[in-house]
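The primary structure of each chain is shown beneath.
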Amino acid sequence: MAELAVSGIILGSIIALGAIGVSLIYGILRFAHFAHGDMMTFGAYIAFFFVHSVFSSLGGEGFRLGPLTFGPSLIIGIFGAMAISALVALLIDRIIYRPLRQRRAGLVMLAMSSLGAAIILRSIIYLVWGPQSQAYSRTIQPALFLPLGIRVKADELFIIGVALLLVIGLYVFLQRTKLGKAMRATADNVDLARISGINTDRVVAYTWVLGASLASTAGVLLGLESQLMPEMGWGFLLPLFAATILGGIGSPFGAFVGAMVVGIIQQTSTYYLSPAYKPAVAFLILILILLVRPTGIFGRRTPWI
Amino acid sequence: MSLLDVSGVVSGYGETDILTGVSITVQAGEVVAIIGPNGSGKSTLMKTIFGLLRPRRGEIIFHGESIAGLAPDHITRRGVCYMPQSDNVFPSLSTHENLEMGAFIREDGFSARLEEVYSLFPDLFSKRNARAGSLSGGQRQMLALARALMLDPTLLLLDEPSAGLSPKLVDTIMSKILEINRSGVSILMVEQRAREALKLSTRGYILAMGRNQMEGSGEGLLDNEEVRRLYLGG
């Protein structure tokens, strides 16, 4: 059970990076971004490209970082995935979402168009990398033994570490920097933000950069935990939204807490149920919150962080 | 030369004109009140001056330069700040962060200004780490006023500063407005509470149906029989 909880935290770390982006985008742009899962996949494949094509000499057999299954190439791959995904997100916003915003399209229209963006992203992945599964490394990794009889792989500790680092970084950014505060202000009251002279277009751009960077990292970590498949992010959308809504939609901090809860429940459920039901568990959580407490665990008017 | 000179402004939302030709002036150092019945176009006038709405016709001159049709952030940079009627604070930000956002476009350090603003509103200083959404109605209105002061404006536009406040708090906010004015800020305000507003105003305008109806000194309007009967409730 303790081990399942730990694997829940690992899963929760990955969900968190995606869910925080969904929450940020909802907070600033006011729509459910259904392309977020495929943005994760996209990031994972960009990193795959870096690992196996560009910097293949910095990884693979004989060049690994300590007990991890990968070399520095994956670290470079994460940064590369962040940068390219951010650019792609800005491009998608420019081509699809911004024209809709300017025409004052409703929330449903924007959400539907993000579904379209999701399909485009996935099709690109199928075209370039094909439908077969891929992996960053095929190395078999021995588990480390921790107290309480918990077995965990070094890669999994890396996953938790990266997620924590990014979440803390984002927290500091939103709480301490002028731009971060401007983002929170824009999420709170966009009209007053404009009146105060905040350039809300710039805030929107940074929202995409942050959301896409976090999502692509989540994708890489998910790929590292299992393998890369074109549908991996799409299938991840359910826990992503369950976590976002559980934490109170629009609240990045809430999304982090929600992600941990969803991750742990999903993993511990495999003690009783077949792991095949994991998505159903996420769906059940989603339905339950919407029925019982649609404003999320922290209630109405969630503080934005 | 007037500080603000609005002449013959026609403005509104979409196809409909709310203002059909309004002219007002504010001289440096004045408190000017705009009163009138609901739907007379008071708030529309404020939004048009501040650039949230584009005037279809007419001129808006501030400090001798036209500001008609400029975006709000450009107007802010010229020294005009605006306090909206509702939703005028960032609820999930702390009091302090709200003031920081008020100073967003300042490139210089604003700690001196922050101190001045806090000394004008000591209540806000004791609540500086509280979320604005948790403040009382009166404190929130003070914060909205304080936020608009962070840029050291020459002219402050106030859209119903007393909205939703109890009579006692109306007096408090009106005395704050007077204090702000004495520190050298000219004030143009729209008020539903005509009597209280005219009491502290140098001059007042009465708008009705999107046009100027009457104007005069604050006291003059208060003493005017017709104004009393039509707009001050006897």
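Quick note: structure is the one above.
From a predicted model like this one, the values you see are computed outputs, not experimental measurements.

A. Structural view of the overall build of chain A. Each helix and strand in chain A was counted, giving eleven helices and two strands. Over its C-alpha trace chain A gives a radius of gyration of 19 Å, about what one expects of a compact globule, namely 19 Å for 305 residues. Each principal axis of the C-alpha distribution contributes one length, and for chain A these read about 55 × 45 × 35 Å. A burial count over chain A gives 56% of its 305 residues as buried. Once local pairs closer than 6 in sequence are excluded, the contacts in chain A between residues at least 24 apart make up 76%. Of the accessible surface of chain A, which amounts to about 13,300 Å², a share of 68% is contributed by carbon and sulfur atoms.

B. Spotlight on the interface of chain B and chain A. Taken together, the 21 residues of chain B in the interface contact 17 residues of chain A. Interface area for chain B against chain A, summed over the two sides, is near 1,800 Å², with a carbon-plus-sulfur share of 60%. Considering only the side of chain B, the residues that lose the most area to chain A are F90(B), M101(B) and F104(B), jointly responsible for 34% of the buried surface there. In this structure, K181(A) and E100(B) form a salt bridge, with 2.6 Å as the shortest nitrogen-oxygen distance. Linking chain B with chain A are six residue pairs in polar contact (both at pLDDT 80 or more). Sorting the residues of the side of chain B that touches chain A by element identifies α2 (72–77) and α3 (95–102) of chain B as the ones contributing at least two each. Taken together, the residues of the side of chain B that touches chain A sort by class into eleven nonpolar, three polar and seven charged.

C. Structural view of the sheet that holds strand β4 (residues 57–62) of chain B. In space, the four strands of this open sheet follow the order β2-β1-β4-β5 (chain B), with antiparallel pairing throughout. With partners counted over all chains shown, the strands left at the sheet margins are β2 (19–26) and β5 (65–66) of chain B, one partner each.

D. Region of the structure containing empty space enclosed by the protein. With the rule as written, the count across this model stands at two cavities of 30 Å³ or more. Taken as a whole, the largest cavity encloses approximately 60 Å³ of empty space. Lining the largest cavity, in full, are I195(A), S196(A), F50(B), T76(B), C81(B), Y82(B), G102(B), R147(B), A148(B) and L151(B). Secondary-structure elements contributing two or more residues to the lining of the largest cavity are β6 (80–83) and α6 (137–149) of chain B. Grouping the amino acids of the lining of the largest cavity by side-chain chemistry returns six nonpolar, three polar and one charged.

E. Just the nonpolar core, in detail. One finds Y136(A), F121(B) and L156(B) to be the most contacted residues of the largest nonpolar core, which totals 148 residues. The dominant element in this core, judged by the number of residues it contributes, is helix α1 (residues 2–29) of chain A, at 14 residues. Dropping the residues within four chain positions of it, L156(B) is found in contact with C81(B), L145(B), A148(B), L149(B), I180(B), V185(B), S186(B), I187(B) and L188(B). Listed in part, the 27 residues of the second largest apolar core include I195(A), I34(B), I67(B) and L157(B).

F. Fine view of the packing of aromatic side chains. Counted according to the given criterion, the structure contains ten aromatic pairs over all chains. For the ring pair Y271(A) and Y272(A), a centre distance of 5.2 Å and an interplane angle of 80° mean the geometry is edge-to-face. Considered together, Y271(A) and Y272(A) belong to a single accessibility category, that of exposed residues. Ring centres of F50(B) and Y82(B) lie 4.9 Å apart, and the angle between their planes is 25°; this geometry places the pair in the stacked category. Placement of the pair is F50(B) in the loop between α1 (42–49) and β4 and Y82(B) in strand β6, with a sequence separation of 32 residues.

G. Inspection of the pattern of salt bridges at higher detail. Counted by the stated rule, this structure contains 14 salt bridges over all chains. Notably, a salt bridge pairs E3(A) with R151(A), separated by 3.4 Å at the nearest N-O pair. Taken together, the positions of E3(A) in helix α1 and R151(A) in strand β2 (residues 150–152) put the pair 148 residues apart, joining distant regions of the chain. Across the salt bridge formed by D152(B) and R113(B), the nearest N and O atoms sit 3.2 Å from each other. Of this pair, D152(B) sits in the loop between α6 and β7 (155–159) while R113(B) sits in helix α4 (residues 111–120), and the two are 39 residues apart along the sequence. Looking at D152(B), the relative accessible area reads 41%, which means it is partly exposed. In this structure R113(B) comes out as buried when scored by relative accessible area, which is 12%.

H. Layout of the layout of surface pockets. Roughly 1,400 Å³ of volume is contained in the largest pocket. Lining the largest pocket are 40 residues, and of these R104(A), V190(A), D191(A), R194(A) and T200(A) sit closest to its centre. Of all the elements in the fold, those that place two or more residues in the lining of the largest pocket are α1, α3 (72–102), α4 (107–129), α6 (178–188), α7 (190–195) and α8 (200–225) of chain A together with α1 and α2 of chain B. It is α7(A) that provides the largest number of residues to the lining of the largest pocket, a total of five residues. Classifying every residue of the lining of the largest pocket gives 16 nonpolar, twelve polar and twelve charged. Forming the walls of the second largest pocket are 19 residues, and the residues nearest its centre are L11(A), L222(A), F236(A), Q267(A) and K278(A). If you list the elements that add at least two residues to the lining of the second largest pocket, you get α1, α8, α10 (252–269) and α11 (278–292) of chain A. Among the elements that line the lining of the second largest pocket, the one with the most residues is α1(A), at four residues. Here the residues of the lining of the second largest pocket sort into ten nonpolar, seven polar and two charged.

What counts, and at which threshold
Residues numbered from 1 in each chain as written. Chains lettered and ligands numbered in written order. Predicted model: local features only at pLDDT ≥ 70, side-chain atom pairs only at ≥ 80, totals over all residues. Heavy atoms only, no water. Helix = DSSP H or I, 4+ residues; strand = E, 2+ residues; numbered from the N terminus. Rg over C-alpha atoms; globule rule 2.2 N^0.38 Å. Buried < 20%, exposed > 50% of the residue type's maximum accessible area, 1.4 Å probe, protein only. Contact = heavy atoms within 4.5 Å. Areas by Shrake-Rupley, 256 points an atom, 1.4 Å probe, with all protein chains shown as cover. Buried area = accessible area lost by both parts, 1.4 Å probe. Salt bridge = Lys/Arg side-chain N within 4 Å of Asp/Glu carboxyl O. Polar contact = N/O pair within 3.5 Å; in protein donor to acceptor, adjacent residues only side chain to side chain. Nonpolar A, V, L, I, M, F, W, Y, C, P; charged D, E, K, R; others polar. Pairing = 2+ DSSP bridges. 1 Å grid on protein atoms, 1.4 Å probe; cavity = no way out; pocket = protein on both sides within 12 Å on 5 of 7 lines; lining within 4 Å. Points joined across faces, edges and corners; volume = space filled by probe spheres on them. Core = buried A, V, L, I, M, F, W, Y, C linked by side-chain atoms within 4.5 Å. Phe/Tyr/Trp six-rings, centres within 6.5 Å; stacked < 30°, edge-to-face > 60°.

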